[in-house]
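Here is what each chain is made of, one letter per residue.
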Amino acid sequence: MNEAEFLSGYDPASFCAVAVTVDVVPLTFHENRLRLLAVRRTTHPERGRLALPGTFVRADETLDVTAQRALREKAGFDTQVEQFGAFGALKRDPRMRIISVAYMALATFDRLEPVLNDDRMLLALDGSVARGANGRKIPLAFDHAEIVGTALSVLRRDLDSTAFSFGLLPPAFSLRELQQVHEAIRGQSLNKPAFRKRLVESGRIEPTGIRETDKGYRPAELYRVRGTDNA
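Okay, so let's go over this structure. (Residues numbered from 1 in each chain as written. Predicted model: local features only at pLDDT ≥ 70, side-chain atom pairs only at ≥ 80, totals over all residues. Heavy atoms only, no water.)

Bringing the overall build of the protein into the picture now. Along the protein, the regular secondary structure elements total six helices and eleven strands. Across its three principal axes, the protein shows a C-alpha extent of roughly 75 × 50 × 30 Å. A buried classification covers 42% of the 231 residues belonging to the protein. Partitioning the intrachain contacts of the protein with sequence separation of at least 6 by distance along the chain shows that 60% fall at a separation of at least 24. For the protein, the accessible area works out to roughly 12,700 Å², and carbon and sulfur atoms hold 50% of it. One finds the centroid of the 33 positive side-chain charges in the protein at a distance of 7 Å from the centroid of its 30 negative side-chain charges. (Helix = DSSP H or I, 4+ residues; strand = E, 2+ residues; numbered from the N terminus. Buried < 20%, exposed > 50% of the residue type's maximum accessible area, 1.4 Å probe, protein only. Contact = heavy atoms within 4.5 Å. Areas by Shrake-Rupley, 256 points an atom, 1.4 Å probe, with all protein chains shown as cover. Lys, Arg positive; Asp, Glu negative; His and termini not counted. Charge placed at Lys NZ, Arg CZ, Asp CG, Glu CD.)

The first and last C-alpha atoms of helix α2 (residues 63–75) sit 17 Å apart over 13 residues, in line with the 18 Å expected at 1.5 Å per residue. Buried within α2 are the following residues: T66, A67, R69, A70, L71 and A75. Buried-residue contacts for α2 involve β1 (19–30), β2 (33–40), β4 (54–56), β5 (81–87), β6 (98–106) and β7 (120–126). (Expected span 1.5 Å × (residues − 1).)

Now for a nonpolar patch on the surface. Together, M1, F6, L7, Y10 and F15 line one region of the surface with nonpolar side chains, adding up to about 620 Å² of accessible area. Its location among the elements puts F15 in the loop between α1 (3–8) and β1. (Patch = residues over 30% accessible without salt bridge, like charges linked within 9 Å, V, L, I, M, F, W, Y side chains within 5 Å. Salt bridge = Lys/Arg side-chain N within 4 Å of Asp/Glu carboxyl O.)

Below, the discussion takes up the nonpolar core. Most often, soluble globular proteins keep nonpolar side chains buried together rather than apart. Grouped together as the largest cluster of nonpolar side chains are 39 residues, with contacts concentrated most on V25, L27, F84, M104 and L178. Mapped by element, the contributors of at least two residues to this core are β1, β2, β5, β6, β7, α4 (144–157), α5 (175–186) and α6 (192–201). The element contributing the most residues to this core is α4, with six residues. Aside from chain neighbours lying at most four places away, what touches M104 is V24, V25, L27, Q80, V81, E82, F84, A151, V154, L155 and F164. In this structure, V22, V24, L71 and A105 belong to the second largest nonpolar core, which totals 16 residues. (Core = buried A, V, L, I, M, F, W, Y, C linked by side-chain atoms within 4.5 Å.)

Attention shifts here to the sheet that holds strand β10 (residues 205–211). One open sheet holds the three strands; their spatial order is β9-β11-β10, and the pairing between them is antiparallel. The sheet is open, and its two borders are formed by β9 (173–174) and β10, each paired with just one other strand. (Pairing = 2+ DSSP bridges.)

Once that is clear, we can look at the environment of E3. Within the secondary structure, E3 sits in helix α1. Given a relative accessible area of 61%, E3 falls into the exposed group.

This brings us to the pattern of salt bridges. Tallying each qualifying case throughout the model produces 18 salt bridges. Two residues, D143 and R92, come together in a salt bridge whose shortest N-O distance is 2.8 Å. Of this pair, D143 sits in the loop between β8 (129–131) and α4 while R92 sits in the loop between β5 and β6, placing them 51 residues apart in sequence. Of the two residues, D143 and R92, both sit in the buried class. Overlapping salt bridges, with partners in common, bring together R58, E61, R69 and E73 in one network.

What follows covers the side chain of R41. Within the element layout of this structure, R41 appears in the loop between β2 and β3 (50–51). D93 provides the closest opposite charge to the buried, salt-bridge-free R41, at an N-O distance of 6.3 Å. At 2.8 Å, the side chain of R41 forms a polar contact with the backbone oxygen of P45. (Polar contact = N/O pair within 3.5 Å; in protein donor to acceptor, adjacent residues only side chain to side chain.)

Shown next, in the form of structure tokens:
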């Protein structure tokens with residue numbers, strides 16, 4: 001039997017039905033806290049609960065395209081996405097066997113502020129625990145808390161090796177702002193001189209030649225990711 005003959009008699013229905021979805025972890029940095037954009041589910045299961053923006057993968061879509069569509073349709077904005085894992089526990093969804101491919105999306109607060117409403121909320125992250133404005137723990141739908149926890153672990157792991165985390169900062173940023181973002185992601189304070197020396201000497205950032213404006217203290221020099229020309 002050649003391959004063409006094999007394929008002509010191949011029956012996908014002989015295997016159990018498995019659906020694939022994409023869930024996106026949209027993160028921002030605001031008021032010295034790392035925050036998660038969660039959306040309220042409008043349909044069963046878990047209707048009314050806050051969840052990650054996600055959707056089923058269409059037959060004619062790549063995973064990246066599905067992630068962008070989920071972010072646009074559910075979270076209300078577009079930005080770069082990065083795949084970081086897959087989640088396939090047998091009973092993670094009561095509808096059927098569903099495997100989710102997880103993505104991260106990082107954006108500055110000014111990008112997210114216009115889309116916020118009663119059904120799109122920013123939750124402060126205390127480690128991987130999501131909390132509302134009153135500090136109360138907010139349980140996310142399905143296994144989304146686990147997905148968020150994994151996203152944070154990956155973000156911490158890659159913090160010093162990729163430029164992805166700079167998506168939480170404006171194109172031009174101070175070393176103070178950069179350190180605040182790193183501390184929020186790592187969940188710990190960092191030594192200021194050592195941090196600044198390490199980042200400046202890493203070659204990942206470069207000065208813009210511009211200083212902060214409208215500050216009540218001595219304006220700091222602004223930096224950018226090396227190789228970018230927008231300050």
